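# Tertiary structure, described
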Amino acid sequence: MRIAMIGGGYVGLVSGACFAEFGNEVAVVESDPAKLAMLRGGGIPIYEPGLPELVADNARAGRLTFGNDIESAVRGAEAVFIAVGTPTRRGDGHADLTYVFAAVEQVARVLAAPTVVVTKSTVPVGTGRKIAEILCEVRPDLTIDVASNPEFLREGSAIADFMRPDRVVIGTESERARETLRALYRPLYLIEAPILFTGLETAELIKYAANSFLAMKVTFINEMADLCERAGADVHDVARGIGLDGRIGRKFLHAGPGFGGSCFPKDTLAMVRIAQDHGAPTRLVETVVAVNDARKASMAARIVAAAGGSVRGKTIAVLGLTFKPETDDMRDAPSIPIVGRLIEDGAHIRAFDPAGMDQARPLLPPGVQFCNGALEAAEGADLLVIITEWNEFRAIAPDKLGAVMKGRLIVDLRNLYDPMLMRAAGFTYASIGRP
Ligand code: UGA
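### Remarks on helix H12 (residues 264–277)
- The end-to-end C-alpha distance of H12 is 20 Å, a good match for the 20 Å that 14 residues give at a rise of 1.5 Å each.
- The element H12 is extensively covered by neighbouring structure, given that 10 of its 14 residues are classed as buried.
- Among the residues of H12, those classed as buried are Phe264, Pro265, Lys266, Asp267, Thr268, Ala270, Met271, Val272, Ile274 and Ala275.
- The secondary structure elements touched by the buried residues of H12 are helix H10 (200–231) and helix H13 (283–306).
- Phi for Gly279, located one or two positions after H12, is positive at around 70 degrees.

And the structure:
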């Protein structure tokens, strides 16, 4: 099948490469000249394990191409995917649909034959309906069907999530669109991935409901962690104790510094606005947003308190800057408010992240000293703070840290280490939700 993917960002690139891997011919349209030049030259603008190889293999096989011309990309395409960004609109928290509608209009103008327009971007409930109106207005002469096919890819494991999904959601009222998408996802039938056909609005809502629910789970365990600290309980055991109940499930119950990234913060906020606009406010999600914001803002104070009330003049090693491991994404990363506040309070920061240093530099205040490795960052530090749970930090032996650090204090916001071992190694060790 021939398909066009409008947008060569995270979602477009991963989905495009995976559809090509299924044997389809995929034309990715990217309007940013720098990104396009990079993609054409064999480079990958984002950090995602396995993606460079997948893109290279499929480009070499001629199944995956990159360009900036929508007309040639959609020529002969049985499905056109819209995978452009939907950032939070400045001021009101709504998802900004400017890029989505612009892409739909451009596609409609140049289509030469009936096709299916599919949204992969996360769009508020009702957007698919508006897209159908735009298509009708611009091309009353052509039957163009609309479908919503939200993505559930996690950064860092996006390819596995695409190839072995828990489910695929397809929202449409058109039988032709259903058939086209069923055919496109046929390879997943072999692994019996559930494919859920719904109406347009339902599919759009499933995406927001899924991210909001997961964000709620994370926020719940974060609050339990605070309670555990006061009550002398252990949040790991609480998470296990509740997570083994199949109705609750064990995933997304790791307490930490609060959720970040390009999805949860933006999608929970949009969910709140969508629900308010429909006169059915989601007070739970509103609270999740507020509790998470407050949590991220309070993490620096936790570090200052662990340091005895002041970090002025102290050297702090910061390990991990990205919002989670296996990505270079710094969007809404807890490290931004944490490092900002520590610097304001007079600390000297030595930071290291395995993938996110280039993205972090412009987002962190001047004065942060970027180091080439975890142990280099720890050199001479009075205290060490872990913000992101990269695997390579788990393996650091405490005696190696002890050999290079000046102080003996570790504040671990991801609970990477065993408190007993750390204490036995002579460290004062503060973690999240553990006695
Ligand atoms: C999330 C969803 O998990 C994907 O299913 C969805 O497709 C994607 O958003 C999206 O809408 O595009 P992602 O943002 O890549 O994926 O990252 P997650 O692994 O979900 O983590 C989100 C945040 O929650 C991170 O800051 C992470 O550190 C935090 N988190 C997650 C925890 O603090 N504890 C957990 O147990 C799990």
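### Description of the environment of Leu214
- Relative to the helices and strands, Leu214 resides in helix H10.
- We classify Leu214 as partly exposed; its relative accessible area is 27%.
- Distance in space between the C-alpha atoms of Leu214 and Phe264 is 8.3 Å, their sequence separation being 50 residues.
- Residues within four places of Leu214 in sequence aside, it is in contact with Phe252 and Phe264.

### Some points on the pattern of salt bridges
- Evaluated as defined, the whole model comprises 22 salt bridges.
- The closest approach of N and O atoms between Glu179 and Arg182, which form a salt bridge, is 3.3 Å. Taken together, the positions of Glu179 and Arg182, both in helix H8 (residues 175–184) and 3 residues apart, correspond to about one turn of that helix.
- Connected through salt bridges with shared partners, the residues Asp226, Glu229, Arg295 and Arg302 form a single ionic network.

### Structural notes on the pairing of strand S13 (residues 409–412)
- Here S13 shows no split at all, with Leu409 and Val411 on one side and Ile410 and Asp412 on the other all buried.
- When strand S12 (residues 383–386) meets S13, the two strands line up parallel, connected through 4 bridges. Each residue of the ladder has a partner; that of Ile386, found in S13, is Asp412.
- Pairing analysis gives 3 bridges linking S13 to strand S14 (residues 428–430), with the strands arranged parallel. Counterpart to Leu409 in the pairing with S14 is Thr428.

### Details of the packing of aromatic side chains
- Tallied over the entire structure, the rule returns 11 aromatic pairs.
- Residues Phe19 and Tyr185 carry aromatic rings whose centres are separated by 5.4 Å and whose planes lie at 65 degrees to one another, so their mutual orientation is edge-to-face. Here Phe19 is found in helix H1 (residues 10–21), whereas its partner Tyr185 is found in the loop between H8 and helix H9 (186–189), with 166 residues between them in sequence.
- For Tyr185, a relative accessible area of 3% corresponds to the buried category.
- Grouped by ring-pair contacts, the aromatic residues Phe19, Phe22, Phe81, Phe162 and Tyr185 constitute a single cluster.
- The positively charged end of Arg408 is found above the aromatic ring belonging to Phe427, 5.6 Å away from the centroid.

### Here we look at the site of the ligand
- Around the ligand sit 19 residues, and of these Glu151, Glu155, Lys207, Asn211 and Cys263 come closest.
- Interatomic distance of 2.7 Å between a side-chain N/O atom of Asn211 and an oxygen atom of the ligand.
- The separation between an oxygen atom of the ligand and a polar main-chain atom of Phe323 is 3.4 Å.
- A total of 710 Å² of accessible area belongs to the ligand in isolation, and the protein chains cover 92% of it.
- Residue contributions to the shell around the ligand peak at 3 residues, all from H10.
- When grouped by side-chain class, the residues that make up the shell around the ligand number 9 nonpolar, 3 polar and 7 charged.

### Overview of the environment of Leu205
- With respect to the helices and strands, the residue Leu205 is situated in helix H10.
- A relative accessible area of 37% places Leu205 in the partly exposed class.
- Separated by 190 residues in the primary sequence, Leu205 and Ala395 place their C-alpha atoms 41 Å from one another.
- Not counting residues within four places of it along the chain, the set of residues in contact with Leu205 comprises Val125 and Met271.

### Examining the packing of H12 against H13
- Two elements in contact, H12 and H13, have axes separated by 9 Å at closest approach and are oriented at 145 degrees. H13 is crossed by H12, and the crossing has left-handed handedness. Along its contact with H12, which presents Thr268, Leu269, Met271, Val272 and Gln276, the element H13 presents Val285, Glu286 and Val289.
- The class makeup of the residues in the contact of H12 with H13 is 5 nonpolar, 2 polar and 1 charged.

### Regarding the sheet that holds strand S1 (residues 2–6)
- Read across the open sheet, the 8 strands follow the order S3-S2-S1-S4-S5-S6-S7-S8; overall the sheet is mixed. Each end of this open sheet is capped by a strand with a single partner; those strands are strand S3 (64–67) and strand S8 (195–198). Each strand of the sheet is rotated relative to its neighbour by a mean of 25 degrees, with strand direction disregarded.
- Bridge count between strand S5 (residues 115–119) and strand S6 (residues 144–148): 5 bridges; the pairing is parallel. In the sheet register, Val118 faces S6, and the bridge partner there is Ala147.
- Here H10 sits on the sheet and contacts S6, strand S7 (168–172) and S8; the angle it forms with S7, its principal contact strand, is near 145 degrees.

Analysis parameters
Residues numbered from 1 in each chain as written. Predicted model: local features only at pLDDT ≥ 70, side-chain atom pairs only at ≥ 80, totals over all residues. Heavy atoms only, no water. Helix = DSSP H or I, 4+ residues; strand = E, 2+ residues; numbered from the N terminus. Expected span 1.5 Å × (residues − 1). Buried < 20%, exposed > 50% of the residue type's maximum accessible area, 1.4 Å probe, protein only. Contact = heavy atoms within 4.5 Å. Salt bridge = Lys/Arg side-chain N within 4 Å of Asp/Glu carboxyl O. Pairing = 2+ DSSP bridges. Phe/Tyr/Trp six-rings, centres within 6.5 Å; stacked < 30°, edge-to-face > 60°. Lys NZ or Arg CZ within 6 Å of the ring centre and 35° of its normal. Near = heavy atom within 4 Å. Polar contact = N/O pair within 3.5 Å; in protein donor to acceptor, adjacent residues only side chain to side chain. Areas by Shrake-Rupley, 256 points an atom, 1.4 Å probe, with all protein chains shown as cover. Nonpolar A, V, L, I, M, F, W, Y, C, P; charged D, E, K, R; others polar. Axes fitted to C-alpha atoms, helices over the stretch in contact; angles between N-to-C directions. Left-handed = near helix turned anticlockwise from the far one by under 90°.

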